[in-house]
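Residue strings, one per chain:
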Amino acid sequence: MPSQPCMSSHDIREARTILMTDLDTDLSEHRRHGMTRSNPATTRHDQRDLRRTAVNVLLANWTGRSTVPSRKLYPHQWSWDSAFIALGLRHIWPGRAQRELESLFRAQWSDGRLPHIVFNPAVANDRYFPDWTFWSSPALLRKAPAGLRTSGLIQPPIHALAAWAVHQADPELSRRRGFLNWIYPRLARWHRYLRQHRDFAGNGMAGIVHPWESGMDNSACWDVPLSRVTTRDNGFQRRDLRYAATEERPTDIDYLRFAALAADYRDNGYRDDHDHQFVVEDPAFNALLAASEDALGDIARELGGADLAVIHATTAQQLTAAIVDVLWDAERSFFFPRDLRGGGRLAERYGCTGAVPLVLPNLPVATPLLKTLRGPRFQLGKVIGLPSYDLTSSEFEPTRYWRGPSWFNVGWIIHRGLTIHQENQAADELRTSLIHTAHTSDFAEYVDPLSGTAHGTKDFGWTAALTIDLMDQRRST
Ligand code: 2M8
């Protein structure tokens, strides 16, 4: 098992060199977008400053083992946050990026699930709800690694994609530390958990059993399936409103439902064969699983397992076919989540989850999907990032968490999708606008897609990390 030292002198030297290196500045690109010298991040100096500030956010959020999304609102380790954060860390400290993922995978359960939160025992319980005592149960204590405090839900499986990118940032260090050898079997078990325990409809796709598992927790896409959830009096106290404005966070009734669903799962021993009240096949979750399965193939090949690489590539293709087959609505040219407790209907709500399959290389419907993204509902290229919800809908809320604002991780995914589908100019424009907005918003958790105003918390981990990754795109893989 790789060791987990604090930042080494090699790391510090490396960070210093990179910070002092001139960035690929793209002044002409900024001019093309009408950003003048008075706007931030337009000069080489500003770009270096921006990068340094992003690195400082990652330094400030580092706990010695992993990186918190936010010191205030989210003071523990989150699963898909760590994957996005590792994508940025790899440019500064490849060793630390490896350790970010390793610390997460040390919390993997015996059934293969990767918990969505790994709690920091040094942080007081009343800093975040639901704290570890809420999740804890005899089943959790049996299945989670001894001595580690975790939740029992999961998040989108983008980890293999991140692990492969982290390896590529410094293959020599990765080989020396045995990074891929250590993480590959754990990634494979994680994917196997999803195939064996979460394929509720038997079509190869994984289902989520809680909106938190989508990572897009409060999306209006979950309103109908969530409205069926029976609430119970948990007697809990929300903690998020201490650090974020009420009108930017989920409502109390949604929190009651979130807590009830999580408590049901816990009380049923975190078994996936119990009668879940909420089961949804989510386009983003499955698209990221397919992209990660492809990355697992790359990792297997690197480790000398050509036969395994073929199996992973085939699984990725089959999953892509299932996503298109089941979740694509040809008439509306969009991917919708499927509500398995609602008769298997597609939830016809235009959330950014339906855009994420753009990240798949062999997507037969990339052209019509892009047309929808450029149309009135998302206005890709005309607004900042990709709005998390349909701009034309009466449910669109520009500042409420996942119901309208643009998120940097989604922007990053769409940038990757545009690049994969050779929409290079659109990719460059999106990249420029995301970097610029990260700067002007102080690395906000999310921004109003129309004005770029910051919302949620600031100095947010994945915003800083993905800004670094986007700035280094020309150097990275
Ligand atoms: C948000 O979710 C947590 C619950 O997991 C919360 O609201 O307390 C989401 O934005 C999720 O995608 C993210 O991983 C997490 C930490 O940044 O915060």
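Up top you'll find the structure we're talking about.
So, a few notes on the structure that sits alongside this text. (Residues numbered from 1 in each chain as written. Predicted model: local features only at pLDDT ≥ 70, side-chain atom pairs only at ≥ 80, totals over all residues. Heavy atoms only, no water.)

1. Details of the overall build of the protein
Per the secondary structure count, the protein includes 18 helices and 11 strands. Here the protein holds 477 residues, and the buried ones make up 63% of them. Put simply, of all contacts in the protein between residues at least 6 apart along the chain, 71% involve residues at least 24 apart. Accessible surface computed for the protein: about 17400 Å², of which carbon and sulfur atoms make up 49%. (Helix = DSSP H or I, 4+ residues; strand = E, 2+ residues; numbered from the N terminus. Buried < 20%, exposed > 50% of the residue type's maximum accessible area, 1.4 Å probe, protein only. Contact = heavy atoms within 4.5 Å. Areas by Shrake-Rupley, 256 points an atom, 1.4 Å probe, with all protein chains shown as cover.)

2. Observations concerning the pattern of salt bridges
Under the criterion given, the structure shown has 32 salt bridges. Here Asp272 and Arg113 are joined by a salt bridge, their closest N and O atoms 4.0 Å apart. In this pair, Asp272 sits in the loop between α12 (252–267) and β4 (280–281) while Arg113 sits in the loop between α5 (94–105) and β2 (117–118), placing the two residues 159 residues apart along the sequence. The residues Asp272 and Arg113 share a single accessibility class, namely buried. Here Arg341 ties to Asp275 by a salt bridge, and the two come within 3.9 Å at their closest N and O atoms. Highlighted residues: Arg341 in the loop between β7 (338–339) and β8 (345–346) and Asp275 in the loop between α12 and β4, separated in sequence by 66 residues. Assessed through its relative accessible area of 37%, Arg341 is described here as partly exposed. Members of the salt-bridge network, linked through shared partners, are Asp111, Arg113, Arg198, Glu213 and Asp272. (Salt bridge = Lys/Arg side-chain N within 4 Å of Asp/Glu carboxyl O.)

3. Observations concerning the packing of helix α4 (residues 79–92) against helix α16 (residues 408–420)
Axis separation between α4 and α16 bottoms out at 12 Å; the angle between their running directions is 60 degrees. Overall, the two elements α4 and α16 adopt an arrangement that is oblique. For the crossing formed where α4 meets α16, the hand is left-handed. Residues Trp80, Phe84 and Leu87 of α4 form the contact with α16, whose participating residues are Asn409, Trp412 and Ile413. In terms of residue class, the contact of α4 with α16 is made up of 5 nonpolar, 1 polar and no charged. (Axes fitted to C-alpha atoms, helices over the stretch in contact; angles between N-to-C directions. Parallel < 35°, antiparallel > 145°, perpendicular 65-115°, else oblique. Left-handed = near helix turned anticlockwise from the far one by under 90°. Nonpolar A, V, L, I, M, F, W, Y, C, P; charged D, E, K, R; others polar.)

4. Some points on the sheet that holds β4
Pairing between the strands of a sheet comes from backbone hydrogen bonds, and it takes one of two forms, parallel or antiparallel. Read from one edge of the open sheet, 4 strands run β3-β4-β7-β8, paired in antiparallel fashion. In this open sheet, the two strands that pair with only one neighbour each are β3 (207–208) and β8. Where β3 lies against β4, 2 bridges are found, and the strand directions are antiparallel. When the bridges of β4 are listed, Gly207 appears paired with Glu281. (Pairing = 2+ DSSP bridges.)

5. Notes on the site of the ligand
The immediate surroundings of the ligand are formed by 16 residues, with Asp81, Tyr128, Gly215, Asp217 and Tyr401 found nearest. Here an oxygen atom of the ligand sits 2.7 Å away from a polar atom, N or O, in the side chain of Asp217. Between an oxygen atom of the ligand and a side-chain N or O atom of Tyr401, the distance comes to 2.4 Å. (Near = heavy atom within 4 Å. Polar contact = N/O pair within 3.5 Å; in protein donor to acceptor, adjacent residues only side chain to side chain.)

6. Things to note about the packing of helix α10 (residues 179–197) against helix α13 (residues 283–302)
Two elements in contact, α10 and α13, have axes whose closest approach is 11 Å; the angle formed by their N-to-C orientations is 145 degrees. Seen along the crossing, α10 lies across α13 with a hand that is left-handed. Together, Leu180, Tyr184, Leu187, Ala188, His191, Leu194 and Arg195 of α10 and Phe285, Leu289, Ser292, Glu293, Leu296, Ile299, Ala300 and Glu302 of α13 make up the contact between the two elements.

7. Observations regarding helix α17 (residues 424–440)
Along its 17 residues, α17 runs 24 Å from first to last C-alpha, staying within 8% of the 24 Å computed at 1.5 Å per residue. Ala427, Leu430, Arg431, Thr432, Ser433, Leu434, Ile435, His436, Thr437 and Ala438 are the residues of α17 that are buried. The positive-phi residue at the C-terminal boundary of α17 is Asp442, with phi of around 55 degrees. (Expected span 1.5 Å × (residues − 1).)

8. Regarding the packing of aromatic side chains
The final tally for this structure, using the stated rule, is 29 aromatic pairs. Judged by centre distance (6.4 Å) and plane angle (55 degrees), the ring pair of Trp135 and Trp212 falls under tilted. Taken together, the residues Trp135 in helix α6 (residues 132–135) and Trp212 in the loop between β3 and α11 (223–227) connect sequence positions 77 residues apart. Overall, the relative accessible area of 4% leaves Trp212 in the buried class. Following the ring pairs from residue to residue traces out a cluster consisting of Tyr74, Trp78, Trp80, Phe84, Tyr128, Tyr401, Trp402, Trp407, Trp412, Tyr446, Phe460 and Trp462. In this structure, Arg186 is placed above the aromatic ring of Trp182, and the distance from its NZ or CZ to the ring centre is 3.9 Å. Across the ring face of Tyr401, the terminal group of Arg249 is positioned such that the distance to the ring centre comes to 4.3 Å. (Phe/Tyr/Trp six-rings, centres within 6.5 Å; stacked < 30°, edge-to-face > 60°. Lys NZ or Arg CZ within 6 Å of the ring centre and 35° of its normal.)

9. Notes on unusual backbone geometry
With an omega of -5 degrees, the peptide bond running from Phe129 to Pro130 counts as cis. Within the element layout of this structure, Pro130 appears in the loop between β2 and α6. Even without glycine at this site, Phe443 takes up a positive phi of about 55 degrees. For Phe443, the location among the structural elements is in the loop between α17 and β10 (446–447).

10. Points about the side chain of Gln77
Inspection of the secondary structure puts Gln77 in strand β1 (residues 77–78). In this structure the side chain of Gln77 is engaged in a polar contact, spanning 3.3 Å, whose partner is the backbone oxygen of Glu100. Apart from residues lying up to four places away in sequence, Gln77 is in contact with Ser66, Ser82, Glu100, Ser103, Leu104, His116, Ile117 and Val118.

11. Brief notes about the side chain of Asp329
When you line up the elements, Asp329 lands in strand β5 (residues 328–329). Asp329 gets classed as buried once you look at its relative accessible area, which sits at 8%. At 2.9 Å, the side chain of Asp329 and the side chain of Arg332 are in polar contact.

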